[in-house]
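# Coordinate inspection notes
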Amino acid sequence: MEDSLIEALKMAVGARYLVLDPMALLTYCCDGYTLAEESPRAVVLPATVEEVQAVVKILSAANIPFLARGAGTSLSGGATPLNGSVIIHLSRMNKICEIDVENRVVVVEPGVVNVHITRALEPYGYYYAPDPSSQQACTIGGNFAENSGGPHCLKYGVTVNHILMAEVVTGAGEVVRIGNLAGEPEGPDLLGLVIGSEGTLLVATKLWLRMTPKPQDSQTVLALFDEVGEASQAVSDIVAAGVIPAALEMMDQLAIYAVERGAYPVGYPPGLAAVLLIEVDGEAHEVPAVAEDVHTVLSAHQVREVKMAATPEEKARWWANRKTAFGAMGLISRQYYVQDGVIPRSRLPEALSRIAEIGQRYDIQIANVFHAGDGNLHPLLLYDERDSDLVERVIAAGSEILEACVQLGGSITGEHGVGIEKREDMRRQFNDTELSAQYAVKDAFDPPGLLNQGKLLPSAPTCFEAKPAPVQSS
Amino acid sequence: MEIDTGQCVHCGLCLPACPTYVETGLEAESPRGRVLLLERLEENPELMNDAAAMFLDDCLGCRACEEVCPAHVPTAHMVEEWRAKEAYWPDEVGPEGFAVFRRISGPLSFFFGSARGLAWFQRLVRWSHWPVIGQWVSHLRFVPESARTLSEGLPHRVPKSLSRIRRGNPPAAPTDKAMLFVGCIMDTIYAETNHHTQDLLQLGEVEVVVPQRQRCCGALHKHGGAPEVARRWAQENIMAFEESGASTVVVNAAGCGAMMKEYSNLFEKEDPWYARACRLEEAVVDATAYLASLPLPDGAPQGAEITVHDPCHLAHGQGIRQEPRQLLKRAGYHIQEMPDSDLCCGSAGIYNLTHPAMAQSLQKRKVESVPEGIGQVAAANPGCLMHIQAGLRKQSGTVEAVHPVDLVWEAYHRQGVV
Ligand SMILES: Cc1cc2nc3c(=O)[nH]c(=O)nc-3n(C[C@H](O)[C@H](O)[C@H](O)COP(=O)(O)OP(=O)(O)OC[C@H]3O[C@@H](n4cnc5c(N)ncnc54)[C@H](O)[C@@H]3O)c2cc1C
Ligand code: SF4
Ligand code: SF4
């Protein structure tokens, strides 16, 4: 990088917070998706919106690509720098600015860790509802960019349902507020557009979030199955019975094997084919009855055992066990490649057998952990990066699984985003017209195309000659 | 142990647990960053540069990452291995921390290696309270600059003798026989805490033996990168335990306890010492956890509120969090929790000597999170006690850092039980 640029960035954030050492940069070479790697040109760690703005202005004037980074837990390469991008690491912008109990709004900086918000709201009887399994680490800025979901989003909705307003820095370095505290869009729903745009449109610098009252009571029911098909059928039947669980999660045999070796073993009996975890919550008087209903539906299937959590500790352990499933793969395999397809819930048994068939054909071990309630599958394809043939098979199999999801009437990403990983797969889901509309949005927000290059939209748009006129973003 | 970083799936779940990441916000100062550096350096040692050495060496060894990592990646242990390999860099090379460790490791061995050395250490520390001598002591060549700020955390009164004596009131019908591990800093600066531990054990119907042969656990040397010294001292302690005839080894310093629970790592599996180390490991218990399991009486409610700091090597290293709280509550204390009670205070063995800047930032964070109106901060580890106390004195408040055993003893003492 040129000296003058280095000086300008130093002026903007302070010399301490401009990182140029090659080994320091190397640690930023990827996020939770490890199949693509590149060191950034530099990393800056701004502390305020003004500093973010100054950095963006300097970079855009020099025509240098850049991207925001939160905790780097993205599973699709969203936070991996490409084409010599500069990373704007928001780890220092991690303050909870205001808790407005009266209006049920909590105002946070983008680098705040998801679970820290819930912790801060706890004394007031509230929490922040979207709970990605990575919530102990992922940041709200990353959640904003990925429109993250989590086990409890089945009942409470995903990130987009919980952000009221956002302060953002645009690609040109303007500070703009999008949305309003009433939570109703005025005119086109710009906020809905930018949430989930994977850092390709702007950098969020402050977010106004909905506070959700803690349910009076909750109960978790655990069911142990000897057959995956039975478990999938039970999922459909629970929802058909009119129950809206707060969460409905499933793990298969290989996943159970791994989590039982992880940080929070539950002590599942050996030989299980699947477990279902179902949480119901609500008013104190209704929870036991609903839990009973769930119990009844489950017991009508061929199930080895149905249990209710006896203590809060037991419940917490079941969930901690489930939430660390991805990481626990490290105990049974060097690497894993997680897919994130969505299918209609009713086609779950079919989807699972297709995945198993694909795994067999490519000779790959696949563990399944998923948000069964909303049909969001997370097949984990195990591999070892030192075996290049295996790596290729894994990528091909992953792509085939996505194809299967689309064929079953679903989509290629539930919550992990497209990033680098599923860029080309976008063509499976969208036709040229649809893609060209998406390019137009990108172009409206970021005409020079500097923000988070090489993500989300497939390369070389064949249909993009007729470039629509840029629209004002604010 | 071979450094195998293969288990790390790069999920990033460990980031917020890591004090150096929280403090700097830098990926390279996070567990995941360190694992990646180790991995790449293993592949290509040529990549090593000053910055990488610093990022690795900044690791506190607090093990917070190991506790939360779903794949059980032993980051702290891997960094320690790396340090042991790299500490032999020629003088004047490598991070500042290495240089400090090289300078003090000889004197550390002298002072902590024998009872005679410890007595000298205790004397020096006591004299350091007298202005003129204090200045002389602090300018001895091996006393690092950073030790001067640490000395602000010393108790006002440093005992005149080591703690290796038997106290009165042995139980008539003991239910267990325990060896009290006296440690080095505990044996000298906090000798009273050792006495109190003995009293409480006896109150709980346990017979106590205090072998003279025992010595420093060796953790400081192991973490600093001199495992051979640690190995020698471990052997001494194993022999002391075997001769004592005790079935339990009670350790009231979290750092020593965590170290002794891993003594077998110091020996090859074929080495006869390995099995002996394993037997000691099984006998080691933390004093607060052990006391919490004994039939101690319910104490009268204490007036002032206290808060609890969870030493890394107790919470992350040994998984002990509830027991000290149970013990304190039973003695009558009311606990108001502090946020991030298990975030490292920056003491981390001799880290506060080798990495003063990071240690002080973390110290500041720690004392700032002590809730208003608290009289005492309980911390079951001598390093934390001294470091937090130094921080509290800087704040010029009246809050004291106290070992939970001392708090419990005082509560019972006021009621005439001990
Ligand atoms: C073990 C594990 C479990 C997971 N479980 C789930 C789950 O259940 N549900 C789910 O939805 N996801 C899950 N994820 C994926 C990931 O945690 C989420 O996508 C999360 O939102 C990413 O947050 P982050 O702070 O790590 O963002 P990063 O990974 O740092 O960044 C992700 C993207 O967001 C952009 N970005 C970050 N901050 C900003 C900002 N302030 N402004 C604009 N763009 C920004 C980045 O440029 C990048 O494109 C999981 C990941 C792991 C490792
Ligand atoms: S060390 Fe563990 S928690 Fe941290 S990134 Fe690696 S696997 Fe995840
Ligand atoms: S041991 Fe502590 S300081 Fe070192 S990487 Fe782990 S959490 Fe960070």
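Residues numbered from 1 in each chain as written. Chains lettered and ligands numbered in written order. Predicted model: local features only at pLDDT ≥ 70, side-chain atom pairs only at ≥ 80, totals over all residues. Heavy atoms only, no water.

## As for the packing of helix α8 (residues 228–240) of chain A against helix α13 (residues 348–362) of chain A
Residue and element names in this part refer to chain A. With their axes 8 Å apart at the nearest point, α8 and α13 run at an angle of 145° to one another. The handedness of the crossing between α8 and α13 comes out as right-handed. Contacts between α8 and α13 pair V228, S232 and V235 from the former with L348, P349 and L352 from the latter. When the residues that make up the contact of α8 with α13 are grouped by side-chain class, the tally is five nonpolar, one polar and no charged. (Axes fitted to C-alpha atoms, helices over the stretch in contact; angles between N-to-C directions. Helix = DSSP H or I, 4+ residues; strand = E, 2+ residues; numbered from the N terminus. Left-handed = near helix turned anticlockwise from the far one by under 90°. Contact = heavy atoms within 4.5 Å. Nonpolar A, V, L, I, M, F, W, Y, C, P; charged D, E, K, R; others polar.)

## Remarks on the site of ligand 2
The environment of ligand 2 is formed by B:C8, B:V9, B:H10, B:C11, B:G12, B:C14, B:R32, B:C69, B:P70 and B:V73. Of the residues assigned to the shell around ligand 2, the class counts are seven nonpolar, two polar and one charged. (Near = heavy atom within 4 Å.)

## Brief notes about the site of ligand 1
All names here are of chain A. A68, G70, T73, S134 and T139 are the nearest of the 35 residues found near ligand 1. Within the backbone of S74, one N or O atom sits 2.8 Å away from an oxygen atom of ligand 1. One of the side-chain N or O atoms of N143 is found 2.8 Å from an oxygen atom in ligand 1. For ligand 1, whose unbound accessible area comes to 970 Å², protein coverage reaches 100%. Here ligand 1 is seated within the largest cavity. Those elements that place two or more of their residues in the shell around ligand 1 are β3 (66–69), α5 (140–146) and β10 (202–210). Taken together, the residues that form the shell around ligand 1 break down as 14 nonpolar, 17 polar and four charged. (Polar contact = N/O pair within 3.5 Å; in protein donor to acceptor, adjacent residues only side chain to side chain. Areas by Shrake-Rupley, 256 points an atom, 1.4 Å probe, with all protein chains shown as cover. 1 Å grid on protein atoms, 1.4 Å probe; cavity = no way out; pocket = protein on both sides within 12 Å on 5 of 7 lines; lining within 4 Å. Sits in = over half its atoms within 2 Å of the grid points.)

## Some remarks on the domain arrangement of chain A
Residue and element names in this part refer to chain A. Its domain assignment divides chain A into domain 1 (3–89), domain 2 (96–213) and domain 3 (218–407). For domain 2 and domain 3, the distance between their C-alpha centroids amounts to 27 Å. Tallying the contact residues gives 11 residues for domain 2 and 14 residues for domain 3. When domain 2 packs against domain 3, the two sides together hide about 1100 Å² of surface, and 52% of this comes from carbon and sulfur. For the pair domain 2 and domain 3, the number of links is two salt bridges. As a salt-bridge pair, D131 and K323 come within 3.2 Å of each other at their nearest N and O atoms. On inspection of domain 2 and its partner domain 3, the count reaches five residue pairs in polar contact (both at pLDDT 80 or more). (Domains from an automatic or database assignment. Buried area = accessible area lost by both parts, 1.4 Å probe. Salt bridge = Lys/Arg side-chain N within 4 Å of Asp/Glu carboxyl O.)

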